[in-house]
Amino acid sequence: MERTVPYTASEEVELYLRTYYSLLRTSDAVQIRSLEEVHAGMKSLLHQHARDRAPDMTAFIYALLRLPACIGETKEVVLGQSGSIFREAGMGDVWSWEQVNGKARRRRCFYNEEEQVLACIVASRSDIDDVIPLLTAYQIEWNKLHRLLQHIPDDIDIAKAHKQTDTWYNLAEALMMSVGDLTRWRSICGEDFVNRVQEIKACERFFQVRLLNGSLIEYNRATNAWWSVIAERVPDLLTHPIYFISSNTHSFVNLFSGFALKNHKEINQYLIDADQQELLDEWRQIQTHTVPSSQENFWYYALKKYLQEPNTEEIFNRRNEHEAACGIQRINSEHSFDVDAQVINISKLKPGWMDDRVKHDLEDLAFLKKSDALILNIDYPLGLAAYNILMEVAENAGNILGVYSIGKAATLNGVVGDVIIPYVVHDEHSRNTYLIPRAFDARDVSPNLIYGTVLDNQKAVTVRGTFLQNRSYMDVFYREGYTGIEMEAGPYLSAVFEMFRPTRHPIDEIVNLDRAPFDLGILHYASDRPLSKGKNLGAGTLSYYGMDPTYACSLAIIRRIINLEKERIQDGK
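In this text, all values refer to a predicted model and were calculated from it rather than measured experimentally. (Residues numbered from 1 in each chain as written. Predicted model: local features only at pLDDT ≥ 70, side-chain atom pairs only at ≥ 80, totals over all residues. Heavy atoms only, no water.)

Notes on the overall build of the protein
Along the protein, the regular secondary structure elements total 21 helices and 17 strands. In terms of C-alpha radius of gyration, the protein reaches 24 Å, essentially the compact-globule figure of 25 Å for 573 residues. Once the C-alpha set of the protein is aligned to its principal axes, its extents read approximately 75 × 55 × 50 Å. When contacts within the protein are restricted to residue pairs at least 6 apart in sequence, long-range pairs at least 24 apart make up 79% of them. Of the accessible surface of the protein, which amounts to about 24,600 Å², a share of 45% is contributed by carbon and sulfur atoms. Looking at the protein, you have 61 positive and 78 negative side-chain charges, and the mean spots of the two groups are 2 Å apart. (Helix = DSSP H or I, 4+ residues; strand = E, 2+ residues; numbered from the N terminus. Rg over C-alpha atoms; globule rule 2.2 N^0.38 Å. Contact = heavy atoms within 4.5 Å. Areas by Shrake-Rupley, 256 points an atom, 1.4 Å probe, with all protein chains shown as cover. Lys, Arg positive; Asp, Glu negative; His and termini not counted. Charge placed at Lys NZ, Arg CZ, Asp CG, Glu CD.)

Description of the pairing of strand β4 (residues 109–112)
Burial along β4 is two-sided: the face carrying C109 and Y111 and the face carrying F110 and N112 are both buried. Summarising the sheet, strand β3 (residues 98–100) and β4 pair through 3 bridges and their orientation is antiparallel. Across the sheet, residue V100 finds its bridge partner in β4, namely C109. The pairing of β4 with strand β5 (residues 117–121) spans 4 bridges and is antiparallel. Within β5, the residue paired with N112 across the bridge is V117. Between β4 and β5, which follow one another and run antiparallel, lie 4 residues, and Q116 among them has a positive phi close to 55 degrees. (Buried < 20%, exposed > 50% of the residue type's maximum accessible area, 1.4 Å probe, protein only. Pairing = 2+ DSSP bridges.)

Regarding the pattern of salt bridges
If you walk through the whole model with that rule in mind, you get 28 salt bridges. The closest approach of N and O atoms between R318 and E266, which form a salt bridge, is 2.8 Å. Here E266 lies in helix α12 (residues 264–273) and R318 lies in helix α15 (residues 313–325), a separation of 52 residues in the sequence. R318 gets classed as partly exposed once you look at its relative accessible area, which sits at 25%. We classify E266 as partly exposed; its relative accessible area is 26%. Taking the shortest distance from any N to any O, the salt bridge between K359 and D356 comes out at 3.5 Å. Residue K359 and its partner D356 are located together in helix α16 (residues 356–359), separated by 3 residues, close to a single helical turn. Through salt bridges that share partners, R105, R107, D127 and D130 make up one connected network. (Salt bridge = Lys/Arg side-chain N within 4 Å of Asp/Glu carboxyl O.)

Here's the deal with the packing of aromatic side chains
Summed over all chains, the structure comprises 21 aromatic pairs. Ring geometry for F60 and Y138: centres 5.2 Å apart, planes at 10 degrees, overall stacked. Of this pair, F60 sits in helix α3 (residues 57–66) while Y138 sits in helix α5 (residues 125–149); the two residues are 78 residues apart in sequence, bridging distant segments of the chain. Each member of the pair, F60 as well as Y138, is classed as buried. Ring centres 5.6 Å apart and planes at 85 degrees place the aromatic pair F60 and W185 in the edge-to-face group. Here W185 lies in helix α7 (residues 179–189) and F60 lies in helix α3, a separation of 125 residues in the sequence. With respect to class, F60 is no different from W185; both count as buried. One aromatic cluster in this structure is built from F60, Y138, W142, W168, W185, F193 and F207. Directly above the ring of Y62 sits R66, whose terminal nitrogen or CZ lies 3.7 Å from the centroid. Between the NZ or CZ atom of R560 and the centre of the ring of F440, over which it lies, the distance is 5.7 Å. (Phe/Tyr/Trp six-rings, centres within 6.5 Å; stacked < 30°, edge-to-face > 60°. Lys NZ or Arg CZ within 6 Å of the ring centre and 35° of its normal.)

Observations concerning the pairing of strand β9 (residues 341–345)
With 5 of 5 residues buried, β9 is to be regarded as a mostly interior element. Burial along β9 is two-sided: the residues A341, V343 and N345 and Q342 and I344 are all buried. Relative to β9, strand β8 (residues 328–331) runs antiparallel, the two sharing 4 bridges. Along β9, the bridge assignment pairs R330 with Q342. For β9 and strand β10 (residues 374–379), the ladder comprises 5 bridges, and the chain directions are antiparallel. If you follow V343 over to β10, its bridge partner there is L376.

Describing the packing of α7 against helix α8 (residues 193–202)
Angle between the axes and distance between the axes are the two parameters that describe a pair of packed helices. Where α7 meets α8, the closest approach of the two axes is 8 Å, and the angle between their N-to-C directions is 110 degrees. Overall, the two elements α7 and α8 adopt an arrangement that is roughly perpendicular. When α7 is examined against α8, the residues L182, W185, R186 and C189 are found in contact with a partner set consisting of F193, R196, V197 and I200. (Axes fitted to C-alpha atoms, helices over the stretch in contact; angles between N-to-C directions. Parallel < 35°, antiparallel > 145°, perpendicular 65-115°, else oblique.)

Some thoughts on the confidence of the model for the protein
In the predicted model, the protein carries a mean pLDDT of 92, and the fraction of residues at 70 or more is 96%. For the stretch residues 533–542, pLDDT sits under 50, and the model shows 23 contacts to residues farther than four places along the chain or on other chains. (pLDDT = per-residue confidence, 0-100.)

Some details on the sheet that holds β5
Here we have 6 strands laid out as an open sheet, ordered β1-β6-β2-β5-β4-β3, and mixed in their pairing. Each edge of the sheet is formed by a strand with only one pairing partner; in this case those strands are β1 (30–31) and β3. With 2 bridges joining them, β1 and strand β6 (residues 208–211) adopt antiparallel strand pairing. Bridge pairing in β6 links Q31 to Q208.

Focus: α15
Taking 1.5 Å of rise per residue, the 13 residues of α15 would be expected to cover 18 Å, and the 18 Å separating its terminal C-alpha atoms lies within 8% of that figure. Within the span of α15, buried status applies to I315, R319, H322 and E323. Down the axis of α15, the buried set is contained in an arc of 95 degrees. They therefore lie on one face. Facing away from the buried side of α15 by more than 90 degrees, the exposed set consists of E313 and E321. Contact partners of the buried residues in α15: α10 (251–257), α11 (259–262), α12, α14 (295–307) and β8. One or two steps after α15, the chain reaches G327, where phi turns positive at roughly 80 degrees. (Expected span 1.5 Å × (residues − 1). Arc of directions from axis to C-beta.)

Brief notes about helix α9 (residues 216–233)
The terminal C-alpha atoms of α9 lie 26 Å apart, and with 18 residues this matches the ideal 26 Å at 1.5 Å per residue to within 8%. Those residues of α9 that fall on the buried side of the exposure criterion are E218, Y219, A222, T223, W226, W227, I230 and A231. Structurally, α9 contributes buried residues whose contacts are with α4 (83–88), α5, β8, β9, β10 and α17 (385–396).

A short note on unusual backbone geometry
If you check the backbone angles, N311 has positive phi at about 60 degrees while not being a glycine. Within the secondary structure, N311 sits in the loop between α14 and α15. A relative accessible area of 71% means that N311 is categorised as exposed. If you check the backbone angles, R431 has positive phi at about 60 degrees while not being a glycine.

Here it is, written out as structure tokens:
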């Protein structure tokens, strides 16, 4: 197999990595200003216009969505793996600070308004590779906007500009951005838009960042603390066979429990009462077959919106009781990094409550009552945390029957909403190229995928961070036939290797995982197109339509687990 690893094409990225890791070794805070030039020199696909005078709103919005709202007031960002690390550094109990988080990134953070300090819990080195570029991009673009705002014409009233088309166009022109970008920025900020703009106009922003402890031991301790809570809540995990899934916290429980489908009339009334016209219009079009969307996926999304409303404790409790009745237990991550978990007892599942797509063309599922297996589903982690978590589970849980991962990926040849099934994954962390068994192919996913296309037999690359690629770097992979870019598959596969081989995973080798003694499957759904200008997650989100590939992938995994359990029970294992 021909294999080219893009060392020469990533020199700028390597320089950026070496620079900030060498700076973070200091015990004092590092000024983000010192990273701006090397960040811009990387020519990241996510920040292609870092050196331009005009704002790069794609990069700014991307960072804005992934940093807590308080970042505009923050002076120092402190990174650590646990509450004890912050206490040892003299910062006290950060868990008593205000908990804050970004809209599009799960990372547990705490803010001290008086000191203007943001404490962030990091689960692995990948969090550092995420936070540092986010802060640098945000600072660069904030300061560009600050300079432009000093020259806004006096006749533009920012508070009222959006109400007058001509004034709104003039404001966009003065800020050297498109009207679409200005409108998107205002939509993200909502009622706080004017205050945010005034904050940027008032002063430049210069962050400093401090890493308290970057040792592997502390990352392992944090992962152990995360696992201990789960094992204490569900001790059967230590002795029962396990199917491990890394995905999300909604699709599997919705498909197994059927709670949203059972309560769709109540959810519909919520949509009416809350004047959710866009979703009501979508539902009318589904009913009249104007659009081909799945009715089930629609109710799952609407339930999520309903539960986000204030004063919904009653339906929240009913949902938990309903799920408990069919063997589903939720374990929220409260005192460690932000990765929630669910344990599903297969023997307690109620086939009559399941989504009909789970049961389609399957025979009587009564045999599930004989199963002794559990499904451990976790909210997918970021980057190298995947390796730490799977190793922790493998070391402590019962016999592993299957390892499955569903995650977002950028696509170099498809469109947003496609499903990508790789059989080769190149991991930038280990520099290994992993060959994966084909647990899934297109026909396993396509029956439940409405909008996208299933691309199987693909090659994916696991990158170290979303900002840490540039065009020349990606071009090398694209020429070698790599079409998916994501962050978790490589670390998971490194852990898989160590789960059945007597040595630590190798470095810079071709590794065949065909002999793994358990089922192994990786599915990705395309969330952005980095080689298309502006077509990345900074320009928008999947929103409701992201349900389509997510649930198609989840259904493929559920149906495979059911079939594997049927064979295992028939064989008396």
